[in-house]
Amino acid sequence: MKTYKLLLHSFTHSLLIVSALLLSTTGCKDLLEEVPVSQVGSQYATTPNGFESVVKAAYSSLREYYGREDAMTLTVFGTDTYTMGADGSFKFVNQYTSQIDGRLGPTNNIWNAFYKGINTINVALDAADGIAGLDATIKKRRVAELKFLRAHHYFILVQMFGPVSLLTKGNLVPTKEFTRAPVKDVYTQIIADLESSLTDLATPTGDYGRVTKGAAEHLLAKVYLTKGTDKDALAADDFAKAATYAQNVIKNYTYSLLPDFSAVFAQGGGEVNSEVIFATQYTSDPITNIGSGFNSTTTSTVTINGNQTHLYFGMEYDTQAGMQRDVLNGRPFKRFMPTNYMLNVVFAEKDRVKDSRYKKTFKDTWLANNPSKTTPIFDNSKTSLKFNAGDTAIFIPGYEMPLAERAKRPYQVLVPSLYKPNLFPTLQKFLDPLRPDRTYEPGSRDFIMFRLADTYLLAAEALIKQGKAADAVPFINAVRRRAAWPGKEKDMEITVADATMAFVMEEREREMAGEMHRWFDLKRWGNLVERVKAYNADGAPNVKDFHILRPIPQDQIDRTAGGAAKYPQNPGY
């Protein structure tokens, strides 16, 4: 049972709209002419109840990123493992065309959301010392939570955009004065926030959903690992610190890998488990999921976000013989299609007899829910079909089953040679069968941001980067043994010779496919362009070196005093 939900949302946007770097509008209207619409004064944060509400409001900014189409477009698309399916408005992001520029909606929305979140955090931090009547221990803990959230937001921003505005004081009046701080300075602030938070964060907390010390150490591990690959910020001890923080998370807390890989994503009570270090909270209560309007479902009175991840990885099962759309199988938007590299190399067929993750990652069977429907038929091994309710209607074996064998099966068999942008293996870890009806878009499952298997692989990567492959092996093997089919645990173990960066690059995707890590991973490894050219046929012709950064929102440039001379666009855009 979840004991804590971050419900307050309206405060976030009523306070922040006066001071965000962008106001989600277009055109050339001067920012100083905007009329502040906030109905909540900053004094609200100086009372104990108000301060607690502002902290909760800061958490809600996570729901503008995790489980959102914007962020998934920028982290799943345009990589070596996912390309574009049949539908969607942002295929050009995967194709790396010139349409990616300062007007790009996903980057602008994330920029807005995080700077609004940062301003809420800064207002609360500014007010913290003057709050009377708030327990001193609680105050310190909330300040630590706010610093973690600010560090998190800046970490996403600096990876996406490079030099960004570094704001550490609350801003309650419109302004045009902004500059881009050097990457090194942004990392310095991120690390200062995270390391200073460690003393006061709970470990763990009874309020599920709040930041804990373990979450901060996990994020520090990833920050140092990433910083250590950035020529503008790296230090000689970055990888050593990354390894230390990751191992602290593994050794010093009560987190543990679940025995079954698929159990990590069990919806409902299973979402709160020993492997989850930190998650963005969603519920089936629409009030929890009220959003700002970015990629949201709008009713007559409110805008509802929810976790949208369930929408984007599904194939067009609902038009096929024997099938119609239902809640169990999801509403398939057909946005993200796995590449051949993902299906045939990352999840190599020869490994599936020992590694359960292909079977548990991709849905392979659909049962007839519309038995009277006999067309269309994509399977060229048969010309007619007949179903009873509950019969297998579609099966995806994951290999090129011979035509004669397919012909014997009383259902459609989708083999790799028949894959196309509307028919492909469906990532199932995010499906949301608890939605109230088959058309409902806002999902209620939590989005897992940090989990222990990720920590193990971060530790291994940091050790390999230091030339300590032997020390990395136990961390990789822990993840792989958990992924093994029963009785195959020893077969899944690797040796020191196997513990290479090339192996880690594939192992991370076997474990965390679709979990909004891949674009950042490739950027950190310095091979984004190389691997898109090699494995993503849709992105290969246009991807360039400058695509390792996203474009700065043009509105930000236009609304900064001095324009592009003061706030320059990233090269290539």
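A few points on the structure.

Thresholds, definitions, all that
Residue numbers here run from 1 along each chain, matching the order of that chain's written sequence. Reporting of local features is limited, given that this is a predicted model, to residues whose pLDDT is at least 70; pairs of side-chain atoms are given and counted only at 80 or more, and all residues count toward the totals for whole chains, interfaces and linings. Excluding hydrogens and water, the side-chain figures rest on all heavy atoms present in the structure. Nonpolar core, defined: a set of buried Ala, Val, Leu, Ile, Met, Phe, Trp, Tyr and Cys residues in which side-chain atoms within 4.5 Å join the residues together. Relative accessibility under 20% of the residue-type maximum defines a buried residue, over 50% an exposed one, and the middle range a partly exposed one, all with a 1.4 Å probe and only protein chains included. A run of H or I in DSSP counts as a helix once it spans at least four residues, and a run of E counts as a strand once it spans at least two, with each numbered from the N terminus. Throughout, a contact is declared for two residues whenever any of their heavy atoms are within 4.5 Å. One fewer than the residue count of a helix, multiplied by 1.5 Å, yields its expected span. Here an axis means a line fitted to C-alpha atoms, over the contact stretch when the element is a helix, while the angle between two N-to-C directions is reported on a 0 to 180 degree scale. By definition in this entry, angles of less than 35 degrees are roughly parallel, angles greater than 145 are roughly antiparallel, angles of 65 to 115 are roughly perpendicular, and the rest are oblique. Handedness of a helix crossing follows the sense of rotation of the near helix relative to the far helix, less than a right angle counterclockwise being left-handed and clockwise being right-handed. Basically, the charged four are Asp, Glu, Lys and Arg, the nonpolar ten are Ala, Val, Leu, Ile, Met, Phe, Trp, Tyr, Cys and Pro, and anything else, Gly included, counts as polar. One bridge is not enough; two strands pair if DSSP finds at least two bridges between them. Stacked, tilted and edge-to-face are the three classes assigned to paired rings of Phe, Tyr and Trp, where Trp is represented by its six-membered ring and a pair needs centres within 6.5 Å; plane angles under 30 degrees give stacked, over 60 edge-to-face, the rest tilted. For a Lys NZ or an Arg CZ to count as sitting over a ring, it must be within 6 Å of the ring centre and within 35 degrees of the ring normal. Between Lys or Arg on one side and Asp or Glu on the other, a salt bridge is scored when a side-chain nitrogen of the former is within 4 Å of a carboxyl oxygen of the latter.

**A word on the nonpolar core**
Phase 1: Counting residues in hydrophobic clusters, the biggest one holds 159 residues, and the most contacted among them are Tyr-65, Phe-148 and Ile-190.
Phase 2: With 13 residues, the single largest contributor to this core is helix H6 (residues 136-161).
Phase 3: Among all residues touching Ile-190, those that are not within four sequence positions of it are Ala-151, Tyr-154, Phe-155, Val-158 and Val-223.
Phase 4: Formed by eight residues, the second largest nonpolar core is a distinct cluster that contains Tyr-208, Leu-258, Val-276 and Ala-279.

**A closer look at helix H8 (residues 213-227)**
Phase 1: Counted at 1.5 Å a residue, the expected span for H8 with its 15 residues is 21 Å, and the 21 Å between its end C-alpha atoms agrees.
Phase 2: Taken across its 15 residues, H8 has 14 buried, putting it largely inside the fold.

**Remarks on the packing of H6 against helix H7 (residues 183-197)**
Phase 1: Orientation of H6 relative to H7, taken along the N-to-C sense of each, is 155 degrees, at an axis distance of 8 Å. Looking at the two axes, H6 sits roughly antiparallel to H7. Relative to H7, H6 is oriented so that their crossing is left-handed. Taking contact as the criterion, the partners of Ala-144, Lys-147, Phe-148, Arg-150, Ala-151, Tyr-154, Phe-155, Val-158 and Gln-159 in H6 are, on H7, Val-183, Val-186, Tyr-187, Gln-189, Ile-190, Asp-193, Leu-194, Ser-196 and Ser-197.
Phase 2: A class-by-class count of the residues in the contact of H6 with H7 yields 11 nonpolar, four polar and three charged.

**Describing helix H13 (residues 452-465)**
Phase 1: End to end, H13 covers 20 Å across 14 residues, agreeing with the expected 20 Å (1.5 Å per residue, within 8%).
Phase 2: H13 sits mainly inside the fold: 13 of its 14 residues count as buried.
Phase 3: Trailing H13 by a residue or two, Gly-467 shows a phi angle of about 80 degrees, which is positive.

**Describing the environment of Leu-311**
Phase 1: Relative to the assigned elements, Leu-311 resides in the loop between strand S4 (303-304) and strand S5 (336-338).
Phase 2: Residue classification places Leu-311 among the buried positions, given a relative accessible area of 0%.
Phase 3: Each C-alpha atom, one on Leu-311 and one on Pro-332, is 5.5 Å from the other, the two residues being 21 residues apart in sequence.
Phase 4: Contact partners of Leu-311, with chain neighbours within four places excluded, come to Arg-331, Pro-332, Phe-333, Lys-334 and Glu-441.

**A few points about the sheet that holds strand S7 (residues 365-367)**
Phase 1: Strands sit in the order S7-S8-S9 across an open sheet of three strands; the sheet is mixed. Both outer strands of the open sheet, S7 and strand S9 (412-413), are each paired with one neighbouring strand and no more.
Phase 2: Bridging between S7 and strand S8 (residues 392-395) involves three bridges; their strand directions are antiparallel. Its bridge partner lying in S8, Leu-367 is registered against Thr-392.

**Things to note about the packing of H7 against H8**
Phase 1: One way to put it is that H7 packs onto H8 with a least axis distance of 10 Å and a crossing angle of 155 degrees. Comparing their axes, H8 and H7 come out roughly antiparallel. H8 is crossed by H7, and the crossing has left-handed handedness. Here Tyr-187, Ile-190, Ile-191, Leu-194, Glu-195 and Ser-197 of H7 lie close against H8, whose contacting residues are Ala-216, Leu-219, Leu-220, Val-223, Tyr-224, Thr-226 and Lys-227.

**Digging into the side chain of Asn-527**
Phase 1: Among the structural elements, Asn-527 can be located in the loop between helix H17 (518-525) and helix H18 (528-535).
Phase 2: Residue Asn-527 is classed as buried on the basis of its relative accessible area of 5%.
Phase 3: Setting aside residues no more than four positions away along its own chain, Asn-527 makes contact with Met-505 and Leu-522.

**Section: the packing of aromatic side chains**
Phase 1: Applying the stated criterion to the full structure yields 30 aromatic pairs.
Phase 2: Between Phe-148 and Phe-278, the aromatic rings sit 5.4 Å apart at their centres with planes inclined by 85 degrees, giving edge-to-face as the arrangement. Taken as a pair, Phe-148 in helix H6 and Phe-278 in strand S2 (residues 276-280) lie far apart in primary sequence, 130 residues in all.
Phase 3: You can call Phe-148 buried: its relative accessible area is 0%.
Phase 4: Above the ring of Trp-366, the side-chain terminus of Lys-363 is found at 5.2 Å from the ring centroid.
Phase 5: Just above the ring of Phe-503 sits the side chain of Arg-510; from NZ or CZ to the centre is 5.4 Å.

**Side note on unusual backbone geometry**
Peptide bonds are mostly trans, and most non-glycine residues show a negative phi.
Phase 1: With omega at 0 degrees, the peptide bond leading from Thr-375 into Pro-376 counts as cis.
Phase 2: Considering the arrangement of structural elements, one finds Pro-376 in the loop between S7 and S8.
Phase 3: The phi dihedral of Lys-334 falls on the positive side, at around 55 degrees, and the residue is not glycine.
Phase 4: Note that Lys-334 resides in the loop between S4 and S5.

**Structural notes on the pairing of S2**
Phase 1: Taken across its five residues, S2 has five buried, putting it largely inside the fold.
Phase 2: Where S2 and strand S11 (residues 447-451) come together, four bridges link them in antiparallel fashion. Residue Thr-280 lies in a different strand from S11, and its bridge partner there is Phe-447.

**Some details on the environment of Asp-491**
Phase 1: Relative to the helices and strands, Asp-491 is located in helix H15 (residues 489-492).
Phase 2: Along the chain, Asp-491 and Val-353 lie 138 residues apart, while their C-alpha atoms are 9.9 Å from each other.

**Description of the pattern of salt bridges**
Phase 1: With the rule as written, the count across this model stands at 43 salt bridges.
Phase 2: With a closest N to O distance of 2.9 Å, Arg-451 and Glu-275 form a salt bridge. Of this pair, Arg-451 sits in strand S11 while Glu-275 is found in the loop between helix H9 (238-252) and S2, placing the two residues 176 residues apart along the sequence.
Phase 3: A residue is classified by how much of its surface remains accessible, and Glu-275, at 0% relative accessible area, is buried.
Phase 4: When the shortest N-O distance is used, the salt bridge between Asp-364 and Lys-359 registers 2.5 Å.
Phase 5: Classification of Asp-364 by relative accessible area gives buried; the value is 16%.

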